[in-house]
Amino acid sequence: MNLASYRKKSPWILHYNAGGCNGCDIEILACLGPKYDIERFGMINTGNPKQSDILLVTGPVTKRSRERLVEIYAQMPEPKVVVSCGACACTGGVFRGMYNCEGGVDQYIPVDVYVCGCGTRPEQIIDGVVQALGILEQKTKAMEVSVRLQKEPLKEEGQINRRNIADQIKPALS
Amino acid sequence: MGRQYEIPIGAQHISLLEPLHFKFTTENEKIVATEANVYYVHRGIEQACCSKFKFRQVSFVVGRVCGLCSISHTTAYSQVAEKLLKIEIPLRAKYLRMLVIELDRIHSHLLCLSHVAENSGFEALFMKTMQYREFSMELLEAVCGNRIQYDFSIVGGVARDLKPQVAQSILERLKKFIPQLDELMDIYKNNWTLSLKNKGAGAITKEDAMRLNVVGPFARAAGLAIDVRNETEDLLPWKEVGFEMITETSGDVYARNMVRLRELYVSIRIIENIINGLPESALITETKAFPDGEATVRLEAPRGELFYYAKGNKTQILERLKIKAPTFSNVAAMAEAFTGNEYGSAPAIIASYDPCLSCTAR
Ligand code: SF4
């Protein structure tokens with residue numbers, strides 16, 4: 001078994017509140033509780049960005065928390081997925097246009113899954129996180145593809161065969 | 001004197017629900033000084049309420065100040081707006097507001113307790129408390145239509161009526177909840193492992209609490225009997241529905257747990273009294289007036305005294321709105337109570353303050 005297959009079975013969640021009202025945060029906490037129990041998907045909440053695969057963000061990104069948000073995102077290893085929870089994380093919601101807020105998470109970091117609602121229901125959060133799992137799998141595959149490209153010659157037209165590219169260039173140079 | 005180290009905790013940390021930054025100066029694992037930094041989530045709600053939103057919309061906006069006690073914010077704002085409009089709301093609306101505030105208090109206190117258990121390293125108790133808390137969320141959904149962000153109080157009354165079946169189910173669920181609460185009480189009170197982490201940690205004396213202006217369960221755990229429900233009668237008739245003051249003396253994490261748990265019994269009794277004696281009347285007082293003059297309102301939110309000030313000038317838009325949230329009063333004492341504790345118990349102490357920073361920073 002390699003790392004990728006473990007990752008699929010047990011993605012770790014990182015949760016950051018970028019200025020929301022706590023409403024969505026307590027719903028994320030309720031998801032961790034016994035009734036909704038996202039641990040059955042192998043997810044646990046971790047506090048360390050370096051170990052996590054899914055970033056759950058709530059809140060409309062206040063001016064003071066945006067550096068922390070970008071920093072946390074940058075510290076997470078690839079592949080990573082960002083889920084924005086709640087109306088105010090998706091678009092700014094009711095806080096849009098207030099002087100210390102930005103309209104949503106996606107102005108700063110790329111967001112993969114948008115979960116709507118103010119506040120989001122735990123069922124929606126679970127749905128969003130499970131979608132994120134699919135995206136995480138795709139991203140993992142995409143990362144592997146680039147390695148494979150260099151190993152195998154490509155058959156299709158119009159693509160560069162990287163393996164023999166040196167041989168082709170060499171005569172031209174000499 | 002040993003060497004001193006500075007250890008920061010936050011703004012993002014597993015034991016914190018919200019961005020909050022503490023900088024501890026420690027000496028041999030003991031905390032000797034603390035610096036608190038709480039304004040990460042300032043959004044500018046007050047300014048927006050005085051410029052962008054009409055005064056009837058503001059009650060929905062201030063609910064988004066805090067998701068844990070949104071009903072306290074909406075109710076306090078509605079009350080202050082009603083004072084400015086000079087209207088009296090129907091009796092049934094008052095009782096329904098009290099009902100939802102108490103249900104909200106149950107869910108908020110249980111959340112805080114579970115958080116203390118988790119941060120003390122007692123994961124199983126966290127799960128248990130969260131499981132028992134779920135009933136209050138379901139009841140709130142049945143009464144208000146949403147699990148959080150109820151938007152139940154509006155200017156002039158309440159938005160929804162309580163259906164008889166829902167009232168019946170509340171009574172049934174509460175009856176089921178009481179043995180569960182006894183069980184929780186037993187664990188939080190007598191569990192030896194938990195008491196090692198909680199007893200004596202984060203203690204604050206009554207004099208310090210008085211001097212530093214502490215409110216809410218934090219103050220009541222130190223023996224300071226302050227509760228707005230005990231003081232004001234004009235807006236919501238708390239004494240009529242069986243309010244009772246709860247205090248402890250030791251002022252540590254354990255005492256705060258006990259205050260919260262014992263307040264749950266009071267809340268349950270209040271809810272039962274409200275449902276059994278709910279008066280019949282209209283739900284909302286209509287008016288075409290505009291807010292004028294100045295008014296203040298105090299209300300007991302789950303974390304302590306919530307204060308609203310508003311000033312109107314006979315237009316749709318308020319001239320000034322000021323919110324002072326309970327945690328704001330507690331920040332000074334929060335930094336103080338760490339002194340002399342082990343660094344290892346800091347997360348549990350933070351959780352036991354039950355800080356609500358989105359209230360504080362607005
Ligand atoms: S979406 Fe609504 S409930 Fe969620 S954090 Fe934002 S304001 Fe709060």
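Everything below is about the structure printed above this text.
**A look at the overall build of chain A**
Secondary structure summary: chain A contains 6 helices and 5 strands in total. Residues classed as buried in chain A amount to 46% of the 174 residues present. Across chain A, the fraction of contacts at a sequence separation of at least 24, relative to all contacts at a separation of at least 6, is 78%. Here chain A has roughly 8,600 Å² of accessible surface; of this, 53% comes from carbon and sulfur atoms.

**Some words on the pairing of strand β8 (residues 320-324) of chain B**
Sheet topology note: the strand β7 (residues 304-313) of chain B/β8(B) ladder contains 5 bridges and is antiparallel. Bridge pairing in β8(B) places B:Tyr308 opposite B:Ile323.

**Some points on the environment of B:Val143**
All names here are of chain B. Structurally, valine 143 is set in helix α5 (residues 123-144). When the C-alpha atoms of valine 143 and tyrosine 188 are compared, they prove to be 30 Å apart, with 45 residues separating the residues in sequence. Ignoring sequence-local partners within four residues, the contact set of valine 143 consists of Val100, Leu103, Phe152, Arg160, Leu162, Val166 and Ile170.

**Let's talk about the site of the ligand**
The environment of the ligand is made up of A:Gly20, A:Cys21, A:Cys24, A:Gly86, A:Ala87, A:Cys88, A:Phe95, A:Gly117, A:Cys118, A:Gly119, B:Arg64 and B:Gln149. Taken together, the residues near the ligand originate from chains A and B.

**A few points about the pattern of salt bridges**
Note that side chains of opposite charge can pair when their charged atoms are close. This model, assessed by the stated rule, comprises 18 salt bridges over all chains. The closest approach of N and O atoms between A:Glu123 and A:Arg121, which form a salt bridge, is 3.5 Å. For A:Glu123, a relative accessible area of 39% corresponds to the partly exposed category. Salt-bridge contacts for B:Arg147 lead to B:Glu134; the nearest nitrogen and oxygen are separated by 3.1 Å. Note that B:Arg147 is positioned in the loop between α5 and β4 (153-154) and B:Glu134 in helix α5, a separation of 13 residues in sequence. In this pair, the class of B:Arg147 matches that of B:Glu134, namely buried.

**Side note on helix α4 (residues 91-119) of chain B**
When the terminal C-alpha atoms of α4(B) are compared, their 42 Å separation across 29 residues agrees well with the 42 Å that a helix rising 1.5 Å per residue should span. Most of α4(B) sits out of view: 27 of its 29 residues are buried.

**Observations regarding the sheet that holds β8(B)**
Backbone-to-backbone hydrogen bonds pair the strands of a sheet. The strands run either parallel or antiparallel. Residues and elements named next belong to chain B. In spatial order, the strands read β6-β7-β8; together these 3 strands make up an open sheet with antiparallel pairing. The sheet is open, and its two edges are formed by β6 (292-301) and β8, each paired on a single side. Strand-to-strand twist across the sheet, computed as the mean angle between neighbouring axes with direction ignored, equals 10°. The sheet contact formed by β6 and β7 spans 10 bridges and is antiparallel. Residue pairing for β7: glutamate 300 is matched across the bridge by glutamate 305.

Calculation notes
Residues numbered from 1 in each chain as written. Chains lettered and ligands numbered in written order. Predicted model: local features only at pLDDT ≥ 70, side-chain atom pairs only at ≥ 80, totals over all residues. Heavy atoms only, no water. Helix = DSSP H or I, 4+ residues; strand = E, 2+ residues; numbered from the N terminus. Buried < 20%, exposed > 50% of the residue type's maximum accessible area, 1.4 Å probe, protein only. Contact = heavy atoms within 4.5 Å. Areas by Shrake-Rupley, 256 points an atom, 1.4 Å probe, with all protein chains shown as cover. Pairing = 2+ DSSP bridges. Near = heavy atom within 4 Å. Salt bridge = Lys/Arg side-chain N within 4 Å of Asp/Glu carboxyl O. Expected span 1.5 Å × (residues − 1). Axes fitted to C-alpha atoms, helices over the stretch in contact; angles between N-to-C directions.

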